[in-house]
Amino acid sequence: MRKSGILQKVTAVEATDKPFISIYLNTESNEYGRDDFDAFLEKQLSVYQDKYEAHTDERESFDRDVEKIREYATEISASTNGVAIFACAGENYFLKLEFDVPFEKDQFLVLDKPHIYPLARMIDQNPEFAVVLADSNSAKILLMQRGKVLNNEDIENTKYSRSDEGDLSQMRYQRHIDEMRKQHAKEVIEELATVVRDEDIRQIVLAGNKDVVIPLLKDEMDDFLTERFVGAIRMEIEASEKEIMEAATQVIKQHDTLKDKEKIDELNEQNYDEGKGVTGVANTLRALANGQVQELYLVANFDELEYNEREVKEILNQYAPGEDGEMPDAKDSRQIADDMLIRALNSAERIRFIEDESLLKEAGGVGALLRYAMSANQNQ
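Figured I'd write up the structure that's included with this text. Here, residues in each chain are numbered from 1, in the same order as that chain's written sequence. Confidence filtering applies because this is a predicted model: local features only for residues at pLDDT of at least 70, side-chain atom pairs given and counted only at 80 or more, and all residues used for totals across whole chains, interfaces and linings. As a rule here, side-chain values come from all non-hydrogen atoms in the structure, and water together with hydrogens is ignored.

Observations concerning the overall build of the protein
Right, on to step 1. The helix and strand inventory of the protein stands at 11 helices and 13 strands.
Right, on to step 2. In the protein, buried positions account for 47% of the 380 residues.
Right, on to step 3. What makes two residues a contact is simply this: any of their non-hydrogen atoms within 4.5 Å. Excluding contacts between residues fewer than 6 apart, the proportion of contacts in the protein whose partners are at least 24 apart in sequence is 71%.
Right, on to step 4. Looking at the protein as shown, the accessible area adds up to about 19700 Å², and 42% of this sits on carbon and sulfur atoms. A run of H or I in DSSP becomes a helix once it reaches four residues, and a run of E becomes a strand once it reaches two; helices and strands are each numbered from the N terminus. Summary of the burial criterion: residues with accessible area below 20% of their type's maximum are buried, those above 50% are exposed, and those between are partly exposed, where the area comes from a 1.4 Å probe applied to protein chains only. Here the Shrake-Rupley method, with its probe set to 1.4 Å, supplies the accessible areas, and only the displayed protein chains count as covering residues.

Considerations on the pairing of strand 5 (residues 129–134)
Right, on to step 1. Counted residue by residue, strand 5 has 6 buried out of 6 residues, so it is predominantly covered.
Right, on to step 2. In the sheet, strand 5 pairs with strand 6 (residues 138–145) via 6 bridges, with the strands oriented antiparallel. Bridge pairing in strand 6 links Phe129 to Met144.
Right, on to step 3. In sequence, strand 5 turns back onto strand 6 through a hairpin of 3 residues.
Right, on to step 4. Relative to strand 8 (residues 204–208), strand 5 is paired through 5 bridges, and the arrangement is parallel. Bridge pairing links Ala134 to Gly208 in strand 8. One requirement defines pairing of two strands: DSSP has to find at least two bridges between them.

Describing the packing of aromatic side chains
Both the distance between ring centres and the angle between the ring planes are used here to describe each pair of aromatic rings.
Right, on to step 1. Think of it this way: a Phe, Tyr or Trp ring, Trp meaning its six-membered ring, pairs with another when their centres are within 6.5 Å, and the plane angle makes it stacked under 30 degrees, edge-to-face over 60, tilted otherwise. A full pass over the atoms with the stated rule returns 8 aromatic pairs.
Right, on to step 2. With a centroid separation of 5.9 Å and 85 degrees between ring planes, the pair formed by Tyr24 and Phe86 is classed as edge-to-face. Residue Tyr24 is found in strand 1 (residues 20–26), and its partner Phe86 is found in strand 2 (residues 82–88); the two are separated by 62 residues along the sequence. You'll find Tyr24 and Phe86 in the same group, each marked buried.
Right, on to step 3. Aromatic rings pair up to connect Tyr24, Phe86, Phe99 and Phe103 into one cluster.
Right, on to step 4. Should the NZ of a Lys or the CZ of an Arg lie within 6 Å of a ring centre and within 35 degrees of the ring normal, that charge is described as sitting over the ring. The cationic tip of Lys51 hangs over the ring face of Tyr48; the distance from NZ or CZ to the ring centre is 4.3 Å.
Right, on to step 5. The ring of Phe224 carries the charged tip of Arg197 above its face, separated from the ring centre by 4.0 Å.

As for the sheet that holds strand 1
Right, on to step 1. In spatial order, the strands read 3-2-1-4; together these 4 strands make up an open sheet with antiparallel pairing. Single-partner strands in this sheet number two, and they are strand 3 (93–99) and strand 4 (107–111). Mean inter-strand twist for the sheet, computed between neighbouring axes without regard to direction, equals 10 degrees.
Right, on to step 2. Relative to strand 3, strand 2 is paired through 7 bridges, and the arrangement is antiparallel. Directly across from Ile85, in strand 3, lies its bridge partner Lys96.
Right, on to step 3. Note on method: axes are straight lines fitted to C-alpha atoms, helices fitted across the in-contact stretch only, with angles between N-to-C directions ranging 0 to 180 degrees. Against the sheet, helix 3 (residues 57–73) engages strand 1, strand 2, strand 3 and strand 4, with an angle of about 155 degrees to strand 2.
Right, on to step 4. Sheet strands in contact with helix 4 (residues 117–125) are strand 1, strand 2, strand 3 and strand 4, and its direction is about 30 degrees off that of strand 3.

A few points about the pattern of salt bridges
Right, on to step 1. Within this document, salt bridges are pairs made up of a side-chain nitrogen of Lys or Arg and a carboxyl oxygen of Asp or Glu, the two lying within 4 Å of each other. Summed over the entire model, instances satisfying the criterion amount to 18 salt bridges.
Right, on to step 2. Of the charged contacts, one joins Glu306 and Lys361 as a salt bridge, the two residues approaching to 3.6 Å between their closest N and O atoms. Note that Glu306 is positioned in the loop between strand 11 (293–299) and helix 10 (309–318) and Lys361 in the loop between strand 12 (350–354) and strand 13 (366–370), a separation of 55 residues in sequence.
Right, on to step 3. Judged by relative accessible area, which is 47%, Lys361 ranks as partly exposed.

Some thoughts on the environment of Lys210
Right, on to step 1. Its location among the elements puts Lys210 in the loop between strand 8 and helix 6 (213–220).
Right, on to step 2. Classification of Lys210 by relative accessible area gives partly exposed; the value is 37%.
Right, on to step 3. For the pair Lys210 and Arg234, spaced 24 residues apart in the sequence, the C-alpha separation amounts to 5.8 Å.
Right, on to step 4. If near-sequence neighbours (up to four positions away) are discounted, Lys210 is found in contact with Pro215, Ala232, Ile233 and Arg234.
Right, on to step 5. Between N or O atoms, a polar contact is any pair within 3.5 Å; within protein, one atom must be a potential hydrogen donor and the other a potential acceptor, and residues adjacent in sequence are included only when both atoms are from side chains. Here Ala232 takes part through its backbone oxygen, which lies 3.5 Å from a polar atom of the side chain of Lys210.

Quick word on the sheet that holds strand 10 (residues 277–279)
Right, on to step 1. In spatial order, the strands read 10-13-11-12; together these 4 strands make up an open sheet with mixed pairing. Of all strands in the sheet, those with a lone pairing partner are strand 10 and strand 12, marking the two edges. On average, each strand axis in the sheet is inclined to that of its neighbour by 15 degrees, with strand direction left out of account.
Right, on to step 2. Relative to strand 13, strand 11 runs antiparallel, the two being bridged by 5 bridges. The partner of Leu298 across the bridge, within strand 13, is Val366.

Some words on the nonpolar core
Right, on to step 1. By convention a nonpolar core is built from buried Ala, Val, Leu, Ile, Met, Phe, Trp, Tyr and Cys residues, the set being connected through side-chain atoms within 4.5 Å. Counting residues in each nonpolar core, the largest one holds 48 residues, and the members touching the most others are Phe86, Leu119, Leu296, Leu298 and Met340.
Right, on to step 2. With residues up to four places along the chain from it excluded, the contact list for Met340 reads Val281, Thr284, Leu285, Leu288, Leu296, Leu298, Leu305 and Val366.
Right, on to step 3. Within the second largest apolar cluster, 21 residues are counted, among which are Ala185, Leu192, Ile204 and Val213.

Section: the packing of helix 9 (residues 281–289) against helix 11 (residues 333–347)
Right, on to step 1. It is the contact of helix 9 with helix 11, at a shortest axis distance of 9 Å, that shows an interaxial angle of 35 degrees. By crossing handedness, the relation of helix 9 to helix 11 is classed as left-handed. Contacts between helix 9 and helix 11 involve Val281, Thr284, Leu285, Leu288 and Ala289 on the former and, on the latter, Ile336, Asp339, Met340, Arg343, Ala344 and Ser347.
Right, on to step 2. Of the residues contributing to the contact of helix 9 with helix 11, the split by class is 7 nonpolar, 2 polar and 2 charged. Crossings are sorted by hand: turned counterclockwise from the far helix by less than a right angle, the near helix makes the crossing left-handed, and turned clockwise it makes it right-handed. Only Asp, Glu, Lys and Arg are considered charged in this grouping, and only Ala, Val, Leu, Ile, Met, Phe, Trp, Tyr, Cys and Pro are considered nonpolar; every other residue, Gly among them, is considered polar.

What about unusual backbone geometry?
Right, on to step 1. Positive phi outside glycine occurs at Asn92, with the angle close to 55 degrees.
Right, on to step 2. Assessed through its relative accessible area of 72%, Asn92 is described here as exposed.
Right, on to step 3. The backbone phi angle of Asp200 is positive, close to 55 degrees, even though this residue is not glycine.
Right, on to step 4. With respect to the helices and strands, Asp200 occurs in the loop between helix 5 (170–199) and strand 8.
Right, on to step 5. By relative accessible area, which is 34% here, Asp200 ends up partly exposed.

Following this line, the structure appears as structure tokens:
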């Protein structure tokens, strides 16, 4: 996951003594065409509202949030599949985010600041990617994100057939066709490079005839594009955007699964005394506090984090924020997960959520590759 403007905005919110609400909703319609999230939302609002005494600043802030959240819930579009809400009326804060893909489950939390883990995971799982669907004389470059097409650009070149042969000999004609196909591939890849650079796209999928077109396209790709290439799919130029989306998403998922394993294998190889890798919540948290982390790896589900609360609390105390800051509760894995995320957003180059929980099981759900090695006494 690259650093996101949305995440930076949410994590910039400082802790408050007022109730800060974080809500994640799956707003997909069920099999009967109705939404299920409203019942969950109403129940949570009522349960938490009763926790605050009447006529207190906390209750007043929460009541104002309830009113605003209920009003917004009636305005959610039927085409929206995922919603995140962050609210604290006492701090005059209300942010709503809508997505074309759903959150894995409905969540309602009240802490002293936003809970960002599900949002960060959502962003990591849904990067923008480019798909090039081509035949020998036409092509489409599509910018996609899971659940939607962001842009669709068509490229057309002269179409040649056997009837165009005329007086040319068979060999000369074939060379002519090959040259035109190569020129077409070159033009397509040049346009792709422009799109990828302009939009900062990190993943590319090629689609078309795997025996002819895709090899031509790959031959025209420089190192900049090749390092972003994740896979190829056999597909006709007439394929629908839905078909392209489904096939490309599957290729990217397979690529990410293999990449996850490669990254964790590398982490495990570097996880030794004075190596450039650490595992476990305590060691990773210490490395984050020291600014050593280059890449942070987190299990996709924060409920899978396992750690020694006493050890983590000691590290939090050691690297405590200033007098106005508040430490996360070591007993709450959500707060510990958020703390690691925030530290990584401020200092690490990359955050990667690992979907296969077994890869980080023995590490307690978290690990990191470092910019420089930890000394033996740091790792204790």
